[in-house]
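Chain and residue survey
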Amino acid sequence: MSAATASPVLVLVALLSTCVWVGGFTTIVVVVRVTGRQFDAAARVDFFRDLGRTYLRVGAPALAVMLASGAGLLAARPWDGGSAAALVLGGALVLVTAAGVAQARAMTRLRARAVEAPQD
C-alpha cells in the first residue's frame, strides 16, 4: 500500500475506532441515568461490574487502534508542535483512561460494601 492510499485508510481507522471509544462512554452515561431509575442498589452494582468488564474488552482495543492509527498518521508527516501536542494528548488520554478504570473499580467495591452493610 502506497503512502497516498495509506493515509486515508489510517484516517478512516482512526475515525471509526474513536467513534467506538467515545460512543461507548456516551452510551454509559445514558445507561447510568436509566439504571438509576430502574434498578435497586444491589442490581446496579452487579450490572455495572459486568458492563465495565464487557466494555473494557471493546473500549481498550478501540483505544489501542485509535492510538496506533494516530501514530501512523504522525509518522507520515514532519515533526512539529502539532505532532508533539498530539503525542502529549495521546499519553494523557491513556493516563486518564487508566485512572478512570481504577476509580470505577474502586467505586464498585465501595458500592458493593454499602449494599452489604447499609448502616456503615
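An account of the accompanying structure is given in this report.

Here is what the cut-offs are and how they apply
Residues numbered from 1 in each chain as written. Predicted model: local features only at pLDDT ≥ 70, side-chain atom pairs only at ≥ 80, totals over all residues. Heavy atoms only, no water. Helix = DSSP H or I, 4+ residues; strand = E, 2+ residues; numbered from the N terminus. Rg over C-alpha atoms; globule rule 2.2 N^0.38 Å. Buried < 20%, exposed > 50% of the residue type's maximum accessible area, 1.4 Å probe, protein only. Contact = heavy atoms within 4.5 Å. Areas by Shrake-Rupley, 256 points an atom, 1.4 Å probe, with all protein chains shown as cover. Lys, Arg positive; Asp, Glu negative; His and termini not counted. Charge placed at Lys NZ, Arg CZ, Asp CG, Glu CD. Polar contact = N/O pair within 3.5 Å; in protein donor to acceptor, adjacent residues only side chain to side chain. Patch = residues over 30% accessible without salt bridge, like charges linked within 9 Å, V, L, I, M, F, W, Y side chains within 5 Å. Salt bridge = Lys/Arg side-chain N within 4 Å of Asp/Glu carboxyl O. Axes fitted to C-alpha atoms, helices over the stretch in contact; angles between N-to-C directions. Parallel < 35°, antiparallel > 145°, perpendicular 65-115°, else oblique. Nonpolar A, V, L, I, M, F, W, Y, C, P; charged D, E, K, R; others polar. Expected span 1.5 Å × (residues − 1). Bend = angle between axes of the 7 residues up to and from the residue.

**Describing the overall build of the protein chain**
Each helix and strand counted, the protein chain has 3 helices and 0 strands in total. Along the protein chain, from the amino end to the carboxyl end, the secondary structure elements read α-α-α. On C-alpha atoms alone, the protein chain measures out to a radius of gyration of 19 Å, which is more than a quarter above the 14 Å that the 2.2 N^0.38 rule sets for 120 residues. Sorting the 120 residues of the protein chain into buried and exposed places 15% on the buried side. Sequence separation of 24 or more characterises 71% of the internal contacts of the protein chain that already satisfy a separation of 6 or more. Summed over all atoms, the accessible surface of the protein chain reaches about 8,300 Å², with 70% contributed by carbon and sulfur. Separation between the mean location of the 11 positive side-chain charges and that of the 6 negative ones in the protein chain comes to 4 Å.

**Here's the deal with the side chain of serine 17**
Along the polypeptide, serine 17 turns up in helix α1 (residues 3-38). Judged by its relative accessible area of 6%, serine 17 falls in the buried class. A distance of 2.9 Å separates a polar side-chain atom of serine 17 from the backbone oxygen of valine 13.

**Concerning a positive patch on the surface**
A surface patch of like charges, here positive, comprises Arg53, Arg105, Arg109 and Arg113. For the positive patch, the element with the most residues is helix α3 (residues 81-116), which contributes 3 residues. Structurally, the position occupied by arginine 109 is in helix α3.

**Some words on the packing of helix α2 (residues 41-75) against α3**
Where α2 meets α3, the closest approach of the two axes is 11 Å, and the angle between their N-to-C directions is 170°. Between α2 and α3, the crossing angle belongs to the class labelled roughly antiparallel. A class-by-class count of the residues in the contact of α2 with α3 yields 15 nonpolar, 4 polar and 3 charged.

**Quick look at α2**
With 35 residues, α2 extends 48 Å from end C-alpha to end C-alpha; this agrees with the ideal 51 Å at 1.5 Å per step. At leucine 56, α2 shows its largest bend, some 35°. Buried within α2 are the following residues: Val45, Tyr55, Gly59, Ala62, Leu63, Met66 and Ser69.

As far as function goes, none of this settles anything; it's purely spatial.
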